[in-house]
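# Observations on chain architecture
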Amino acid sequence: MAWRSSGATNEELIDNLVENGLINNQDIENAFRRVDRKFFVPKASERHAYSDSPLRAGNVHLSAPHIYCTVLDALELTPGECVSFLNIGSGSGYLTCVVSEILGPRSLYYGIEIHKDALIHCENSVAAWKAQSNRTLNERSQTHMQFIHGNGLNILPNVGESPMGFDRIYAGAGIDTLQLKEIKKLLSPGGILVAPVEDDLVKVVRTQPRSYSIDDENGYGFTSQIISGVTFAPLLAQPQINTIIPAAKWSVSNHHLYPESFRIAAKTILLCNKTNIIQPLEVPPPQQNVNLSASLPKEVWIHILSFTTRRWFEPEIAEVEMLQNRLIHEQRRAHDARLAQAEAEARYYMVQHESEMFLDIARRFHLHVGTLMNQTQSLSTNSRSPINPEVVASTQSLLDETRLMLFANNDRIMQMGSSFDFMIDDDDDDNNHEDDDEEDNDEDVNMDFVPYPEASGLRHNGANNLVVNSQLIAEDNTNSRQVRTVSISSSDL
C-alpha cells in the first residue's frame, strides 16, 4: 500500500498512511502531523515533498515515509520518556524531529552526518521547522538536539556520552554484519537498535546489563529480529573521522534532561544543603539521622553533580529482571497484535459481505436492464415503431460486457441471462410487421427478473426461492405473451 499513500499536503499524506495501515499508533500519527516534510526535502524535490517515496538531491537524502513508520514502530518510543536517541546518518534531520515530537523535551537527541553540506541543510531545515512549530518557545529551547559532523562507523565508545550507551539507535544507511557488531555495543541495557543490515531491516535489543561482558561471536546479550526486506545505500566508511558524542553535563538549566532518579537525588541534596542544622564534629551513633549534605556548600555540590552521568543514581537492573520486563513488554505487544488482527478480520468479513451484497444487486440490475430491453422491443414491434438500432446495439454491448463480470462463476444464471436477442426490424412493409408479430407470439419467450414484485409477479414461495412471472403485458391483449413461472434459488444469485 506504500505507493498509494502519497498526497498533496502533509495532512493528506498522513491520512493515506493511516488508511493503508502503515501507521497504527496514535502517538506516531500525531508526531508525523506536527512535522511537515516540506521543511526537510531538498530544494530540487519540493514538488515531491508529500510523495511516499525516497528523495535525494546530492548528499541530502530522505527515506520514504512508510519506511519511517516501520522504524518508529520498531523503536518502541514512549511519550514523555527520558531517553537518549542516536541517529547515525541523520541526513535531513526529519526522523530526528519526528522522534522528538513523540518523546518530548526530556530526552537527548544526537545526529551523526558525514557530509558537511547535508549537515548544513539539516540544521537549516530543523531551524525552519522549529520556527513554525506549534510548540512554545520554552519547549523548543528545552529540547536537546545536536547534530555532529562525523562518521557513524568511527564513534569512540569510551569517550563522551558513548560509555553510558544510548537507549535508541537508528542507522539511516545500510551496514553489514561486522559493522552491526560494533554499533550495537553503543546500546544501553534494554536499548533498541534499528538498522538496515544488508538486505533486511533488523531490530536489535540489548538484554544484558552493562557490567556483563558481551560475546560478539555468539551474539549473547542481544536479541535480533528481521522486520522486513529493504534496500538502502551503504553507510560510508570514508573518510574515517574519529567521532566523539559530547556527554551531557548536568547544570540547573538542563536538570529536566535527567532521569527521575537523578532529579530527585539532586533536589534532595540541594534542599538539605539549605538547612540550618550544623554538622557536629563528632560522628553520632548510626541510629541518629545525619545531615551529611550540610557539610559542603551548595556550589561544591553543583560542581560535583556536573561530573556525574544521567544514570548515576539508578540502580543496575539484574539480567533476570531485565529479561522479565522484556517478556512482559513482548506479551503486551503480542496481545495488542492479536486484537489488531481480530479487528482487521472483522473489517475484512464486513467488507466481503458488503461486496457480495452489492454484487447481487448488480446482477439483478443487469437482468432488469435486459428485461426492459425485451419489453421495449416487444412494444416497439406491436406499435409499428421500431427502436433506434444504435441504442439497441449499445445496450447489447454493455450487457455483454457486464455479463462476463457478473456471471463468471455462475453458469446457471449465465445461461438464463444470455439470450437477450433483440429483433431489429427496419422493414417499412406493414405486412412484414404483421408476420413478425405472429411469429413473436410463439418464439423467443424470455424469462427475466424485474425488481418490482407488484409489477412483475416477483414473490417468495418459501425456502428462500424467488418466483418470477415472466408475463410481458402488451397494449393489445390478443398479442400478450405466454405466461411462464420459473423457480430460482437465491443462492444462485
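Whatever comes next refers back to the structure up there.
Throughout what follows, the structure given in this document is the object of discussion. Each chain has its residues counted from 1, running along the sequence as written. The predicted nature of this model means local features are confined to residues of pLDDT at least 70 and side-chain atom pairs, given and counted, to a pLDDT of 80 or more, with totals for whole chains, interfaces and linings taken over all residues. Just so you know, side-chain values use all the structure's heavy atoms and leave hydrogens and water out.

### What about the pattern of salt bridges?
Definition in use: When a carboxyl oxygen of Asp or Glu lies within 4 Å of a side-chain nitrogen of Lys or Arg, that pair is called a salt bridge. Segments assigned H or I by DSSP are reported as helices when at least four residues long, segments assigned E as strands when at least two residues long, and all are numbered from the N terminus. Between buried and exposed lies partly exposed: a residue is buried under 20% and exposed over 50% of the maximum accessible area for its type, with that area taken using a 1.4 Å probe on protein chains only.
This model, assessed by the stated rule, comprises seven salt bridges. Close ionic contact of E11 with R33 constitutes a salt bridge, the shortest N to O distance being 2.6 Å. Of this pair, E11 sits in helix α1 (residues 10-19) while R33 sits in helix α2 (residues 26-34); the two residues are 22 residues apart in sequence, bridging distant segments of the chain. The exposure class of R33 is partly exposed, given its relative accessible area of 23%. Its salt-bridge partner being E182, residue K185 comes within 3.6 Å of it at the nearest N-O pair. Under the relative-accessibility criterion, E182 is labelled partly exposed at 48%. Among the ionic contacts, a cluster of salt bridges with common partners joins E11, D15, E29 and R33.

### Observations concerning the layout of surface pockets
If a probe as big as a water molecule is rolled over the atoms, it shows which places are left empty. Heads up, the condition is: Two kinds of site are reported from a 1 Å grid over the protein atoms alone, namely cavities, where a 1.4 Å probe fits but cannot get out, and pockets, open sets with protein on both sides within 12 Å along at least five of seven lines, and residues are called lining when an atom falls within 4 Å of a point. Grid points are joined across faces, edges and corners, and a volume is the space filled by probe spheres set on the points. When residues are sorted by character, Ala, Val, Leu, Ile, Met, Phe, Trp, Tyr, Cys and Pro go into the nonpolar class, Asp, Glu, Lys and Arg into the charged class, and all the rest, Gly among them, into the polar class.
By volume, the second largest pocket amounts to about 610 Å³. Along its surface, the second largest pocket is lined by 34 residues, and H61, G89, G172, A173 and A233 are the ones closest to its centre. Looking at the lining of the second largest pocket, the elements that each hand over two or more residues are α3 (65-75), β3 (84-88), α4 (94-103) and β4 (108-113). For the lining of the second largest pocket, a count of residues per class yields 17 nonpolar, 15 polar and two charged.

### What about the sheet that holds strand β9 (residues 222-229)?
The criterion, for reference: Think of it this way: DSSP has to see at least two bridges between two strands before they count as a pair. Think of each axis as a best-fit line through the C-alpha atoms, taken over the contacting stretch in the case of a helix, with angles from 0 to 180 degrees between the N-to-C directions. The contact criterion used is simple: two residues touch if any of their non-hydrogen atoms lie within 4.5 Å.
Ordered by their spatial adjacency, seven strands build an open sheet running β5-β4-β3-β6-β7-β8-β9, and the pairing between neighbours is mixed. Edge positions in the sheet fall to β5 (144-149) and β9, since each has one partner strand and no second. The mean inter-strand angle of the sheet, taken between neighbouring strand axes irrespective of direction, is 15°. One ladder, built from four bridges, connects strand β6 (residues 166-171) with strand β7 (residues 187-197); its direction is parallel. Opposite R168, over in β7, you have I192 as the bridge partner. Packing against the sheet, α3 makes contact with β3, β6, β7, β8 (200-206) and β9, and its axis sits at approximately 160° to β7.

### As for the packing of aromatic side chains
Stated precisely, the cut-off is as follows: Two rings belonging to Phe, Tyr or Trp (six-membered ring only in the last case) form a pair when the distance between their centres is within 6.5 Å. Interplanar angles under 30 degrees mark stacking, angles over 60 mark edge-to-face geometry, and anything in between is tilted.
Following the criterion strictly, the structure yields seven aromatic pairs and no others. Measuring from centroid to centroid gives 6.4 Å for W250 and F262, while their planes differ by 45°, and the two rings are tilted. Residue W250 is located in the loop between β9 and α8 (260-272), and its partner F262 is located in helix α8; the two are separated by twelve residues in the primary sequence. Residue classification places W250 among the buried positions, given a relative accessible area of 4%. With relative accessibility at 0%, the residue F262 sits in the buried group. What links up through ring pairs into an aromatic cluster is the set F32, F40, Y68 and Y94.

### A short note on helix α5 (residues 116-132)
The following threshold applies: To estimate how far a helix should extend, the number of its residues minus one is multiplied by 1.5 Å.
The end-to-end C-alpha separation of α5 is 25 Å, in line with the 24 Å expected for 17 residues at 1.5 Å each. Close packing links the buried residues of α5 with α2, β2 (60-62), α4, β4 and β5.

### Some words on the nonpolar core
Filter applied, for reference: Throughout, nonpolar core names a set of buried Ala, Val, Leu, Ile, Met, Phe, Trp, Tyr and Cys residues whose side chains join them through atoms within 4.5 Å.
With 48 residues, the main nonpolar core has F32 and L72 as its most contacted residues. Setting aside residues up to four positions removed in sequence, F32 forms contacts with N10, I14, I23, P65, Y68, C69, L72, Y94 and V98. Of all hydrophobic cores here, the second largest spans 34 residues; its members include I175, L187, V204 and W301.

### Topic: a nonpolar patch on the surface
Going by this rule: Only residues whose relative accessible area exceeds 30% and that take part in no salt bridge are eligible for patches, with like-charged residues grouped when within 9 Å of each other and nonpolar side chains (Val, Leu, Ile, Met, Phe, Trp, Tyr) grouped when within 5 Å. Each accessible area is a Shrake-Rupley result for a 1.4 Å probe, and residues are judged covered by the shown protein chains and nothing else.
A surface patch of nonpolar side chains, amounting to about 300 Å² of accessible area, comprises M357, F358 and I361. Tracing the backbone through its elements, the reader meets F358 in helix α10 (residues 319-382).

### Re the side chain of S125
Within the secondary structure layout, S125 lies in helix α5. Taking the relative accessible area as the measure of exposure, S125 reaches 4% and is therefore buried.

### Some thoughts on the state of the cysteines
As a reminder, the rule being used: Pairs of cysteine sulfur atoms within 2.5 Å are what we label disulfides.
This model, assessed by the stated rule, comprises zero disulfides. No disulfide involves C97; its sulfur sits 7.1 Å from the nearest other cysteine sulfur, which is in C122. On the basis of relative accessible area, C122 is assigned to the buried category, the value being 0%.

### Brief notes about unusual backbone geometry
Residue P239 is bonded to the preceding Q238 through a cis peptide linkage, with omega at 0°. Here P239 shows up in the loop between β9 and α8. Phi at E198 takes a positive value of approximately 60°, unusual for a residue other than glycine. Note on placement: E198 falls in the loop between β7 and β8.

### Description of the packing of α1 against α2
Here is the rule we go by: Angular relationships are summarised with four words: roughly parallel below 35 degrees, roughly antiparallel beyond 145, roughly perpendicular across 65 to 115, and oblique for the angles in between. Here a crossing is called left-handed whenever its near helix is offset anticlockwise from the far helix by less than a right angle, and right-handed whenever the offset is clockwise.
Two elements in contact, α1 and α2, have axes separated by 9 Å at closest approach and are oriented at 160°. What the angle tells us is that α1 and α2 run roughly antiparallel. Seen from above, α1 lies across α2 with right-handed handedness. On α2, the residues that touch N10, E11, I14, D15 and V18 of α1 are E29, F32 and R33. Among the residues forming the contact of α1 with α2, the class breakdown is three nonpolar, one polar and four charged.

### A closer look at the environment of A344
Examined against the element boundaries, A344 turns out to sit in helix α10. The spacing of A344 and G21 is 323 residues in sequence and 9.9 Å in space, taken between C-alpha atoms.

### Some words on the pairing of β4
With six of six residues buried, β4 is to be regarded as a mostly interior element. Burial of β4 is two-sided: the residues L108, Y110 and I112 facing one way and the residues Y109, G111 and E113 facing the other way are all buried. Sheet analysis places β3 next to β4, joined by five bridges and oriented parallel. Its bridge partner being in β4, L86 is matched across the sheet by Y110. In this sheet, β5 lies alongside β4 in parallel orientation, the contact comprising six bridges. Each residue of the ladder has a partner; that of G111, found in β5, is F147.

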